[in-house]
There are 2 protein chains.
Amino acid sequence: MNKIRIGIVGYGNLGKSVELGIRQNNDMELVGVFSRRDPSSIKTVTEGVSVYHIDDAKNMTDQIDVMVLCGGSLSDIPEQGPLFASCFNTVDGYDTHAKIADHFNKIDKIAKDSGKVCIISSGWDPGMFSINRLYAEAILPEGNTYTFWGRGISQGHSDAVRRVKGVKDAVQYTIPIDEAIEAVRKGDMPEFTTREKHKRVCYVVMEEGADRNQIEEDIKTMPNYFADYDTEVHFVTEEELRKNHSGMPHGGLVIRYGKTGINNEHSHTIEYKIDLDSNPDFTASVLIAYARAAYRLNKEGVSGAKTVVDIAPAYLSSKSPEEIRKTII
Amino acid sequence: MNKIRIGIVGYGNLGKSVELGIRQNNDMELVGVFSRRDPSSIKTVTEGVSVYHIDDAKNMTDQIDVMVLCGGSLSDIPEQGPLFASCFNTVDGYDTHAKIADHFNKIDKIAKDSGKVCIISSGWDPGMFSINRLYAEAILPEGNTYTFWGRGISQGHSDAVRRVKGVKDAVQYTIPIDEAIEAVRKGDMPEFTTREKHKRVCYVVMEEGADRNQIEEDIKTMPNYFADYDTEVHFVTEEELRKNHSGMPHGGLVIRYGKTGINNEHSHTIEYKIDLDSNPDFTASVLIAYARAAYRLNKEGVSGAKTVVDIAPAYLSSKSPEEIRKTII
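Quick look at the structure, then. Nothing here was measured: the structure is a model prediction, and the numbers come from that model.

All names here are of chain A. Counting buried residues along strand E9 (residues 167–176), eight of its 10 residues qualify, which places the element largely inside the surrounding structure. Across two bridges, strand E8 (residues 152–153) lies against E9 in antiparallel orientation. By the bridge assignment, Ile153 is partnered in E9 with Tyr173. The sheet contact formed by E9 and strand E10 (residues 198–206) spans nine bridges and is antiparallel. For Ala170, the partnering residue across the bridge sits in E10 and is Val204.

Written as structure tokens, this is what we have:
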């Protein structure tokens, strides 16, 4: 069997996780990492991985089946998505929810012209959580869906804290509020305020001589990021931060509560819950499964942009349809 | 917009739940119920529903878009599945796991000849649980998947208890063992015996003068059904049984525990959990969503047998692709 030949575009945390994840899928092989940096300056996590300048990719279209785009959603994917869609099957984890429709339309046009399959907004939210929101709503049309995130580290919020005057380093956890989850399960169909669903907990290393009260005040009142939440600020040493908060855990759950029956007398809940030691590893694992789907769809002659809900689950599995029917159904 | 015209074949608990469920989907309408019984003897749950003899269906191919097959897996579906596949799009909930591959092959041939889409083994297990087993395994290739059922009533086991000498009526609950679920979440990757995953709890109404100890002994030692489980037998009055155990609750969960990282140092769990007041209502709700998918796929020119993993999630939603990208992704 020919292996599916994967390229990684962008070599940050996510790119490194894709590198490791491919090793768990024996129908795939990693052709190389593509970066804007000088290839000679990059040391890959595993040995024997080729590193290329991103500009070399366009000359390697016959060597790579799917490019996994591992850049950020703010500026990398909007630029690299269209560029790579013009000559490769791609998978990206574009996660700016408000702009997904635009991103889709832009990529769709290019991918249809190039005859490639480009799967956008894969990962877990958007991604697996989107799929679960859709299934649950389709099955239980009369009900409410709730998404909770965490306990986990939010990179954007951690960065925001780090920009506060007097803060040397910081990590921010988003934590769903247990009472809110219980209220959903119980069938209260609550309308939550922002504050009622999640709280935010910050671990902060101060710069020498900084004003602890001022830092706490500046964080807690920061608009958009913290003002609408109950926020805890804990001051820790650099060593404590490194020792206890250097991982990248995350997770969350999608719950739908719905009713059926002659008078809506029957209640049902559907919950999809993930608990992750490493957010980038899990996101990479989802992207890799969708890389398999992109490859197979394109082999069938499909082209254009797709989101995760456009793709039948079986395309993600390395098992044959017969094996799936025998062992999974 | 033309509504999707649905027929119900078989009018037991599941058929009645499909009748009610269709009312929650305003892109659908119920054309009628088809039964082997004399139509005049059937009173439908809601008013104004036409009831036909099952033999009349073949003359109504131009009036019905999808037939939802609501008979049992033991003898109804094996007979009615092929019959209806020859002239209708169908959805069934065939749940004899060991024979799904055969059922698929038989229906696939007929449906390809007739140009119809026939979705088999929909519902929750097989069905939504199958989908979740597939996704979870594809995302986390190195790990183990566990399925737990309950707390819920097993019809087959309840029937088995009712056949015991001296038993007037009975209900049997399948209950997953909490310690087993916790062990999976913790990452022990346990290999469970049957007894370690589920227990069985029976509520029994005795016939007058029956031997209580003998009944308990006969149930607990019954091969296949109870001998391999820890089984509790509670004796109750007819009134207690009716009052406390006349519902049809069920549920369960699929959990996958998997590892990633350079040395498998990161653990992840994916859990899909349902908690249902009414097993037939929920099963019906899944079948109805797949009826929408069958209709749409057939409109696109697709034919043949499909299982739930062969169908992209978006086909289940009444929302347009644009709406899905804006509100669900």
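Now that the structure is up, let's keep going.
On to the interface of chain B and chain A. Residue-level contacts link 68 residues of chain B with 68 residues of chain A. Between chain B and chain A, roughly 5,700 Å² of surface is buried when both sides are summed, and carbon and sulfur atoms account for 61% of that area. Between Lys319 of chain A and Glu137 of chain B there is a salt bridge; the shortest N-O distance is 3.1 Å. Inspection of the region where chain B meets chain A yields 26 residue pairs in polar contact (both at pLDDT 80 or more). At the level of elements, helix H3 (100–114), helix H4 (128–139), strand E12 (250–260), strand E13 (266–276), helix H10 (279–299) and helix H11 (321–327) of chain B are the ones that each hand at least two residues to the side of chain B that touches chain A. Across the side of chain B that touches chain A, the residue classes tally to 33 nonpolar, 19 polar and 16 charged. Direction of pairing for strand E13 (residues 266–276) of chain A relative to E13 of chain B: antiparallel, over a ladder of nine bridges. Bridge assignment links Glu271 of chain A to a residue of E13 of chain B, and that residue is Lys273 of chain B.

With that settled, the discussion passes to the packing of aromatic side chains. The tally for this structure, following the rule as stated, stands at 14 aromatic pairs over all chains. Seen in terms of ring centroids, Phe148 of chain A and Phe192 of chain A are 6.2 Å apart; in terms of plane orientation they differ by 70°. Their pairing is edge-to-face. Of this pair, Phe148 of chain A sits in strand E7 (residues 143–149) while Phe192 of chain A sits in the loop between helix H6 (178–186) and helix H7 (194–197); the two residues are 44 residues apart in sequence, bridging distant segments of the chain. Under the relative-accessibility criterion, Phe192 of chain A is labelled partly exposed at 24%. With centroids separated by 5.7 Å and ring planes inclined at 90°, the aromatic side chains of Tyr173 of chain B and Tyr203 of chain B adopt a geometry described as edge-to-face. On the criterion of sequence distance, the pair formed by Tyr173 of chain B in strand E9 (residues 167–176) and Tyr203 of chain B in strand E10 (residues 198–206) is long-range, its members being 30 residues apart. Judged on exposure class, the residue Tyr173 of chain B and its partner Tyr203 of chain B are both buried. Every member of this aromatic cluster is reached through a ring pair, and the members are Trp124, Phe129 and Tyr272 of chain A. Across from the ring centre of Tyr229 of chain B, 4.1 Å away, lies the NZ or CZ of Arg200 of chain B, which sits over that ring.

Relative to chain A, chain B is turned by 180° and slid 0.0 Å along the rotation axis, the superposed coordinates differing by an RMSD of 0.0 Å. The relationship between the two copies is best expressed as a two-fold rotation axis. Considering only C-alpha atoms, the part of chain B nearest the rotation axis is Ala312 of chain B, at 1.9 Å. The share of interface residues of chain B whose copies in chain A are also at the interface is 100%, consistent with both copies meeting through the same surface.

Bringing H10 of chain B into the picture now. All names here are of chain B. With 21 residues, H10 ought to run about 30 Å at 1.5 Å a step, and its terminal C-alpha atoms sit 31 Å apart, in line with that. Across the 21 residues of H10, 19 count as buried, placing the element largely inside the fold. N-cap assignment for H10: the residue whose side-chain oxygen lies 3.0 Å from the backbone N of Asp281 is Ser278. Gly301 occupies a position one or two residues after H10 and carries a positive phi of about 95°.

Okay, the pairing of strand E4 (residues 66–69) of chain B next. Residue and element names in this part refer to chain B. A two-sided burial pattern is seen for E4, the buried positions comprising Val66 and Val68 on one face and Met67 and Leu69 on the other. As paired elements, strand E1 (residues 4–9) and E4 share four bridges and run parallel to each other. Of the residues in E4, the one forming a bridge with Gly7 is Met67. Where E4 and strand E5 (residues 89–92) come together, four bridges link them in parallel fashion.

Let's shift gears to the sheet that holds E9 of chain A. Residue and element names in this part refer to chain A. Overall, mixed pairing links the four strands, which are arranged E8-E9-E10-E11 in an open sheet. Strands at the two margins of the open sheet, each flanked by one partner only, are E8 and strand E11 (230–235). Against the sheet, helix H5 (residues 155–162) engages E8, E9 and E10, with an angle of about 145° to E9.

Cut-offs and rules
- Just so you know, the residues in each chain are numbered from 1, in the order the chain's sequence is written.
- Chain A is the first chain written and ligand 1 is the first ligand written, with later ones labelled in order.
- Thresholds applied to this predicted model are a pLDDT of at least 70 for local features of residues and 80 or more for the giving and counting of side-chain atom pairs; totals over whole chains, interfaces and linings are not thresholded and use all residues.
- In computing side-chain values, all of the structure's heavy atoms are included and hydrogens and water are not.
- Buried means the residue's accessible area, taken with a 1.4 Å probe over protein chains only, is under 20% of the maximum for its type, while exposed means over 50%, and partly exposed covers the values in between.
- Comment: elements are numbered from the N terminus, with helices defined as DSSP H or I runs of at least four residues and strands as E runs of at least two.
- Pairing between two strands requires that DSSP report at least two bridges joining them.
- Residues count as neighbours in contact if any of their non-hydrogen atoms are within 4.5 Å of one another.
- Once two parts are joined, some of their accessible surface, as seen by a 1.4 Å probe, is lost; buried area is that loss totalled over both.
- Whenever Lys or Arg places a side-chain nitrogen within 4 Å of a carboxyl oxygen from Asp or Glu, that contact is recorded as a salt bridge.
- Polar contact is the term for a pair of N or O atoms within 3.5 Å; when the atoms are in protein, one must be able to donate a hydrogen and the other to accept it, and sequence-neighboring residues count only if both atoms are side-chain atoms.
- When residue character is reported, Ala, Val, Leu, Ile, Met, Phe, Trp, Tyr, Cys and Pro are called nonpolar, Asp, Glu, Lys and Arg charged, and the others, Gly included, polar.
- Two aromatic rings, drawn from Phe, Tyr or Trp (for Trp, its six-membered ring), form a pair once their centres lie within 6.5 Å of each other, and the interplanar angle then sorts them: stacked below 30 degrees, edge-to-face above 60, tilted otherwise.
- In this scheme, the term charge over a ring applies when either NZ of a lysine or CZ of an arginine sits within 6 Å of the ring centre and within 35 degrees of the ring normal.
- For the least-squares superposition of copies, only C-alpha atoms count, and only for residues with pLDDT at least 70 in both.
- By definition here, a helix of n residues has an expected span of 1.5 Å times n minus one.
- In this analysis, axes come from line fits to C-alpha atoms, helices being fitted only over the stretch in contact, and the angle between any two N-to-C directions falls in the range 0 to 180 degrees.

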